[in-house]
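Residues per chain are reported as follows:
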Amino acid sequence: MEQQLDHAAVHAAARRIAGTIRPAAVVPAAEGVWYALEYLQHTGSFKARGAHNFLAAHRESATLPAAGVTIASGGNAGLACAWAARAHGVPATVFLPANAPRVKVERLRGYGADVRLVGDRYAEALAACREFAADSGALSSHAYDNPLIAAGAGTLLEEIRSALPGLDTVVVAVGGGGLFAGVATAARAHGVRVVAAEPEHCRALNAALEAGRPVDVPVVSVAADSLGATRVSADALAAARAGNATSVLVPDEAITAARRALWEEHRIVVENGAATALAALRTAPEPLGERVAVVLCGANTDPGDL
């Protein structure tokens with residue numbers, strides 16, 4: 001099933017997920033700043049958008065197999081895949097390392113997923129996932145590197161624009177780049193600037209821009225659990241080079257401070273990955289825009305360390 005990431009793909013995704021995804025609440029936070037509360041989304045992160053669009057598009061094109069979908073992810077992508085599969089009435093088989101936290105395993109099972117524990121490293125779970133897909137005919141999904149996944153995430157920008165007329169800048173955290181690629185693609189069609197925020201030592205997009213191609217990077221950050229992709233997607237790099245995006249790096253101390261500030265000032269609890277976007281705003285040497293939306297993209301976190 002050939003797909004490309006463009007504004008038409010985001011529009012198609014919005015049609016497919018309408019009525020199943022929670023529209024993002026956009027609330028005022030400070031002078032000229034609004035928060036997009038996407039952590040209130042099904043499964044606790046924006047990933048539900050892309051997962052639902054991915055399966056809906058395959059159903060439309062009659063390429064959604066009876067064997068369902070499979071993914072190797074114990075994080076937000078795995079949860080979203082399991083949730084979307086349940087919504088579409090197909091099986092989800094999720095592969096994790098055997099040492100995955102029990103709470104993640106139980107949550108996945110709560111969404112009806114068949115959880116397979118393999119090896120003690122993600123690479124082993126991924127290899128088993130690929131083997132399962134080849135043997136069973138299940139549709140193989142990815143945490144971020146797929147145009148349908150990114151287009152689903154891009155629907156968030158359209159909702160923010162509807163809620164916030166005159167939006168000129170949106171700030172998003174970047175891991176593998178699915179959210180960024182979709183949002184930047186949609187934003188470009190409306191002349192909206194995108195600030196791509198990454199931890200200093202978890203900088204797959206920033207390094208790709210520097211090298212001119214996706215490259216592997218070390219992943220060492222308090223936000224690595226959700227932003228810890230070793231390589232950014234080609235779609236994300238293309239979106240970053242299209243002219244309406246700026247790459248920003250923030251230190252871990254700023255991320256933890258932003259996360260704490262969200263709790264202390266607004267009683268909002270998010271994961272460090274989501275706080276990375278706010279950290280970029282808080283550490284910017286000058287205002288990022290006149291009407292700025294900061295995407296708080298996920299809240300699958302333990303609030304005990306606030």
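Residues numbered from 1 in each chain as written. Predicted model: local features only at pLDDT ≥ 70, side-chain atom pairs only at ≥ 80, totals over all residues. Heavy atoms only, no water.

(A) View of the pairing of strand β8 (residues 193-199). Burial runs high along β8: six of the seven residues are buried. Both strand β7 (residues 169-173) and β8 contribute to a ladder of five bridges, which runs parallel. Paired with Ala173 across the bridge in β8 is Ala197. Read from β7 through helix α7 (residues 178-188) to β8, the crossover connection turns out right-handed. (Buried < 20%, exposed > 50% of the residue type's maximum accessible area, 1.4 Å probe, protein only. Helix = DSSP H or I, 4+ residues; strand = E, 2+ residues; numbered from the N terminus. Pairing = 2+ DSSP bridges. Right-handed = clockwise from strand over helix to strand, strands pointing away.)

(B) Representation of the packing of aromatic side chains within the structure. Counted under the stated rule, the structure contains one aromatic pair. Both rings, one in Phe95 and one in Phe132, keep their centres 5.6 Å apart while their planes meet at 55°; by these two values the pair is tilted. Of this pair, Phe95 sits in strand β4 (residues 92-96) while Phe132 sits in helix α5 (residues 122-136); the two residues are 37 residues apart in sequence, bridging distant segments of the chain. We note that Phe95, like Phe132, is buried. Of note, Arg267 hangs over the ring of Trp263, and the distance from its end group to the ring centre comes to 4.3 Å. (Phe/Tyr/Trp six-rings, centres within 6.5 Å; stacked < 30°, edge-to-face > 60°. Lys NZ or Arg CZ within 6 Å of the ring centre and 35° of its normal.)

(C) Representation of the environment of Ala254. Residue placement: Ala254 occurs in helix α11 (residues 252-266). When residues no more than four places from it in sequence are discounted, the contact partners of Ala254 are Ala279 and Thr283. (Contact = heavy atoms within 4.5 Å.)

(D) Representation of the side chain of Thr70 within the structure. Considering the arrangement of structural elements, one finds Thr70 in strand β3 (residues 69-72). With a relative accessible area of 0%, Thr70 lands in the buried category.

(E) α5, seen in detail. For α5, with 15 residues, the first-to-last C-alpha span of 21 Å sits near the 21 Å given by 1.5 Å per residue. Along α5, the positions that sit buried rather than exposed are Ala125, Ala128, Cys129, Phe132 and Ala133. End-on, the buried residues of α5 take up no more than an arc of 140°, which puts them together on one face. Among the exposed residues of α5, those pointing more than 90 degrees away from its buried face are Arg130, Glu131, Ala134 and Asp135. Each element contacted by the buried residues of α5 is listed here: β3, β4, β5 (114-117) and β6 (139-140). (Expected span 1.5 Å × (residues − 1). Arc of directions from axis to C-beta.)

(F) Spatial organisation of the sheet that holds strand β10 (residues 292-295). Spatially, β1-β2-β10-β7-β8-β9 is the arrangement adopted by the six strands of the open sheet, whose pairing is mixed. In the strand order of this sheet, the two ends are held by β1 (26-30) and β9 (245-250), each with one partner. Averaged over all adjacent pairs, the angle separating strand axes in this sheet is 25°, with direction ignored. Helix α6 (residues 147-163) rests against β1, β2 (33-36), β7 and β10 of the sheet, and its axis sits at about 140° to β10. Running over the sheet, helix α8 (residues 204-211) touches β8 and β9 and is turned about 110° from β8. (Axes fitted to C-alpha atoms, helices over the stretch in contact; angles between N-to-C directions.)

(G) Representation of helix α2 (residues 47-60) in the model. Between its first and last C-alpha atoms α2 spans 20 Å; for 14 residues at 1.5 Å apiece the expected length is 20 Å, and the two agree. Counted residue by residue, α2 has 12 buried out of 14 residues, so it is predominantly covered. Of the residues making up α2, those classed as buried are Lys47, Ala48, Arg49, Gly50, Ala51, His52, Asn53, Phe54, Leu55, Ala56, Ala57 and His58. Of the surrounding secondary structure, the elements contacted by the buried residues of α2 are α1 (7-17), β3, α3 (76-88), β6 and α6. Once α2 finishes, Ala62 follows within two positions and takes phi at roughly 60°, a positive value.

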